[in-house]
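Topology and contacts: notes
Each chain is listed here by its residues.
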Amino acid sequence: MTKLIVLSEERPFAQGGNRLCFVHPENPNLCIKVRRPDFSLADRRRKKGFPKNLKPLSSFDDNQEEWRVMQSFEKHLDADAFKLLSRCYGFVETDMGLGLVSDLIRDDLGTISETLKKCIWDNGINEDISTAVKSFAEQWQRYSIPSRDLLLHNIVVQKHEGKIKRLVVIDGLGSAGIVPFYWLTTKSLANKARRKTANLYERIDALLDQRGQDKFPGYHGLLLHTGHTDSSNNGGAH
Ligand SMILES: Nc1ncnc2c1ncn2[C@@H]1O[C@H](COP(=O)(O)OP(=O)(O)OP(=O)(O)O)[C@@H](O)[C@H]1O
Ligand SMILES: [Mg+2]
């Protein structure tokens, strides 16, 4: 029998609109994502309204969708494309439901990497960030990685010796369409990747415009803790 992993007694290190993210209790380099108990699949479907609410409940499950997409990436994408993504390893049973296991992105000193949203909010745009974004966008286009909109809280910034090593997309892959990406022409995949990176730049500009306000916009992208055993360094997301 497979072992049930207890998460309900742990503190998630972050949450999104749909999922809670935990450090894997048995491996600090992995994370486990489970559905937020306060926002069920049925709630999510109800919120969509007609006609999207006619779709089966399973189609609202981000974990299942992400796993499906990542498996098709393993088959169809260049191996180097995974430098821009956190790899997924499938499901484990937890006391909070099925959890999807993936690489947890950490900086060289062990801190869980912060999101591009938080990084730009704190620093504005400096040379290190603009070089990293440019290199990310070039590679995203080179590998034509299929994604939904590239949101700033779904990209994390991995640092090494105080400098940005790479940007990694941790959510929002695949596409809303029903046609699998590998049926599309190389040209249309490339066009799509180019559009997604172009609107990443627009999002960065919009966030820079918001920087005058005193409060970080929303909880998306704020860490609840750094993932170290020392809990004194808790970030405050609420
Ligand atoms: N592999 C990872 N490495 C480091 N941080 C991560 C990782 N996965 C998630 N995070 C952090 O957790 C937050 C929420 O994760 P995620 O985006 O997967 O949740 P979600 O509920 O699917 O989000 P959304 O609201 O975009 O649907 C991210 O914004 C990021 O700060
Ligand atoms: Mg997300």
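Residues numbered from 1 in each chain as written. Chains lettered and ligands numbered in written order. Predicted model: local features only at pLDDT ≥ 70, side-chain atom pairs only at ≥ 80, totals over all residues. Heavy atoms only, no water.

For the structure on display, the rule yields five aromatic pairs. On the numbers, 5.4 Å between centres and 90 degrees between planes, the contact of F73 with F181 is edge-to-face. One end of the pair, F73, is in helix α2 (residues 62-76); the other, F181, is in the loop between β8 (163-169) and α5 (186-210), with 108 residues separating them in the sequence. The exposure classification of F73 matches that of F181, with both residues buried. Ring geometry for W121 versus F216: centroids 5.7 Å apart, planes at 90 degrees, classification edge-to-face. Of this pair, W121 sits in helix α3 (residues 116-123) while F216 sits in the segment after α5, placing them 95 residues apart in sequence. By relative accessible area, W121 is classed as buried at 11%. Following the ring pairs from residue to residue traces out a cluster consisting of F73, F181 and Y182. (Phe/Tyr/Trp six-rings, centres within 6.5 Å; stacked < 30°, edge-to-face > 60°. Helix = DSSP H or I, 4+ residues; strand = E, 2+ residues; numbered from the N terminus. Buried < 20%, exposed > 50% of the residue type's maximum accessible area, 1.4 Å probe, protein only.)

For the rest of this paragraph, the subject is the nonpolar core. Counting residues in each nonpolar core, the largest one holds 37 residues, and the members touching the most others are F73, L116, W140 and I145. Of all the secondary-structure elements, those providing two or more residues to this core are α2, α3, α4 (127-143), β7 (155-160), β8 and α5. What L116 contacts, discounting residues up to four positions off in sequence, is I129, V133, L152, I155, V156, V157, L167 and L200. One finds L20, F22, L30 and I32 within the second-largest nonpolar core, a separate group that totals eight residues. (Core = buried A, V, L, I, M, F, W, Y, C linked by side-chain atoms within 4.5 Å. Contact = heavy atoms within 4.5 Å.)

The final tally for this structure, using the stated rule, is twelve salt bridges. The shortest N-O distance in the salt bridge between D38 and R36 comes to 2.8 Å. A salt bridge links K159 to E114; the shortest N-O distance between them is 3.9 Å. A residue pair is termed long-range when its members are at least 10 positions apart, and K159 in strand β7 and E114 in strand β6 (residues 114-115) qualify at 45 residues. According to the relative accessible area criterion, K159 is partly exposed, its value standing at 22%. In this structure, a network of salt bridges that share partners links the residues R19, E66 and D171. (Salt bridge = Lys/Arg side-chain N within 4 Å of Asp/Glu carboxyl O.)

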